[in-house]
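Structural overview
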Amino acid sequence: MTKILTIDGPSGVGKGTISEYLSDKLKWNYLNSGALYRAIAWVVINDSIEINDILEIEKASEKILFSIENKKLHILYKNIEIGSLIYNEEVAKIASKISSEPKVRESILNVQRSFKKEPGLVAEGRDMGSVIFPEAQVKLFLTATIETRAQRRFKQLKDRKFNVSLPALIKDLDARDKRDKSRESSPLVIPEGALVIETDDLSIIEVKKIAKDKVNKTYGTNI
Ligand code: DC
């Protein structure tokens, strides 16, 4: 039985940091499912596809090649590596919109499941523990208020010298939260049996420790 650990939660809650940390420590494979939706969104923007044209989006999505090399995700579209182009607010906004479409979600179902490989998998997203890998032995769900998440993102972007406004970030996160939670297909929910970690008053080190303890207790590891 392949070991699977899922980490779900809303945008900007720190899933990426914790998932990368745990997959690194465990030396397991790592699936960042948001990157797959972002890749499709990037293609929608790049190819000027109408956002409601689900058939065209599906067709484009089939042309994206996802592969893993040295545990790193590579995303190729028409021979261009687009992995580094998908982390911006414009792509995130479109990703959030197209991900509510069941056909778009279906189009990457098999790709996501193909990450389930020995020696184990750390999978992060919105529906990892609830829909894609319900068999996971450890399910974590990270939460934080919108204000906390917006403050963290604000600091991150400022550090990278991006000019952003905090109220605009709060508005964006709020819209994304609403879409993620209210969509009919695989909405953001706390998976059954998940350990919920409220991160508002915790440092990254403290969140890592809670996650690590849970992993060690479940798998008998010592990370
Ligand atoms: O985690 P992220 O911000 O990179 O994800 C981008 C968008 O993709 C997010 O707004 C919702 C969507 N998404 C999803 O619907 N299901 C997932 N498992 C992961 C992401």
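Residues numbered from 1 in each chain as written. Predicted model: local features only at pLDDT ≥ 70, side-chain atom pairs only at ≥ 80, totals over all residues. Heavy atoms only, no water.

Secondary-structure assignment places L55 in helix α3 (residues 54-62). Accessibility expressed as a relative area gives 55% for L55, which makes it exposed. In the structure, L55 is positioned 41 residues away from S96 in sequence and 18 Å away in space, judged by C-alpha atoms. (Helix = DSSP H or I, 4+ residues; strand = E, 2+ residues; numbered from the N terminus. Buried < 20%, exposed > 50% of the residue type's maximum accessible area, 1.4 Å probe, protein only.)

Moving on, we get to the site of the ligand. Close contacts around the ligand come from 15 residues, with S33, R38, R105, D127 and R183 the closest. One of the side-chain N or O atoms of D127 is found 2.8 Å from a nitrogen atom in the ligand. Summarising the interface, the protein chains cover 96% of the accessible area of the ligand, which totals 450 Å² for the free molecule. Of all the secondary structure elements, the ones that give two or more residues to the shell around the ligand are α2 (33-46), α4 (89-98) and α9 (166-182). Broken down by element, the shell around the ligand gets its largest block of residues, four residues, from α2. Of the residues belonging to the shell around the ligand, the class tally is three nonpolar, five polar and seven charged. (Near = heavy atom within 4 Å. Polar contact = N/O pair within 3.5 Å; in protein donor to acceptor, adjacent residues only side chain to side chain. Areas by Shrake-Rupley, 256 points an atom, 1.4 Å probe, with all protein chains shown as cover. Nonpolar A, V, L, I, M, F, W, Y, C, P; charged D, E, K, R; others polar.)

A pair of packed helices can be characterised by two numbers: the angle between their axes and the separation between those axes. Where helix α8 (residues 146-159) meets α9, the axes come as close as 9 Å, and the angle between the chain directions of the two elements is 125°. Relative to α9, α8 is oriented oblique. When you trace α8 past α9, the crossing you get is right-handed. For the pair α8 and α9, contact is made by I146, R149, A150, Q151, R153, F154 and L157 and by L166, L169, I170, L173, D174, R176 and D177, respectively. Its residues placed into classes, the contact of α8 with α9 shows eight nonpolar, one polar and five charged. (Axes fitted to C-alpha atoms, helices over the stretch in contact; angles between N-to-C directions. Parallel < 35°, antiparallel > 145°, perpendicular 65-115°, else oblique. Left-handed = near helix turned anticlockwise from the far one by under 90°. Contact = heavy atoms within 4.5 Å.)

On to unusual backbone geometry. In this model, E118 is joined to P119 through a cis peptide bond whose omega is 5°. Its identity is not glycine, yet N79 carries a phi of approximately 65°, on the positive side. Following the sequence through the fold, N79 ends up in the loop between β4 (72-77) and β5 (80-81). A relative accessible area of 74% places N79 in the exposed class. If you check the backbone angles, K161 has positive phi at about 65° while not being a glycine. Mapping K161 onto the fold places it in the loop between α8 and α9. For K161, a relative accessible area of 73% puts it in the exposed group.

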